[in-house]
Amino acid sequence: MVRVPGGSFTMGSNYGDSDEKPPHSVSVSTFYIGETEVTQEL
């Protein structure tokens, strides 16, 4: 497992498609994720 530090970023755009508007702030907590991908076959 790999630790991914949390943070904040702006998601969206005023210049893209309607589903990208408006830009807004998003915060994500620190989380852990597997280092290698796992397929359905596995």
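See the structure printed just above.
Residues numbered from 1 in each chain as written. Predicted model: local features only at pLDDT ≥ 70, side-chain atom pairs only at ≥ 80, totals over all residues. Heavy atoms only, no water.

Asks: Report on a nonpolar patch on the surface, specifying residues and quantitative values.
Replies: Where nonpolar side chains cluster on the molecular surface, the patch consists of Val2, Phe9, Met11, Val28, Phe31 and Ile33 and spans about 480 Å² of accessible area. Within the residue set of the nonpolar patch, elements represented by two or more residues are β2 (7-11) and β4 (31-33). With respect to the helices, strands and loops of the structure, phenylalanine 9 is situated in strand β2. On the accessibility criterion, phenylalanine 9 (41% relative accessible area) is partly exposed. (Patch = residues over 30% accessible without salt bridge, like charges linked within 9 Å, V, L, I, M, F, W, Y side chains within 5 Å. Areas by Shrake-Rupley, 256 points an atom, 1.4 Å probe, with all protein chains shown as cover. Salt bridge = Lys/Arg side-chain N within 4 Å of Asp/Glu carboxyl O. Helix = DSSP H or I, 4+ residues; strand = E, 2+ residues; numbered from the N terminus. Buried < 20%, exposed > 50% of the residue type's maximum accessible area, 1.4 Å probe, protein only.)

Asks: Before we move on, can you summarise the environment of glutamine 40 with the specific residues and values?
Replies: With respect to the helices and strands, glutamine 40 occurs in the segment after β4. Since its relative accessible area comes to 85%, glutamine 40 is described here as exposed. It is 34 Å that separates the C-alpha atoms of glutamine 40 and serine 18, two residues lying 22 residues apart in sequence.

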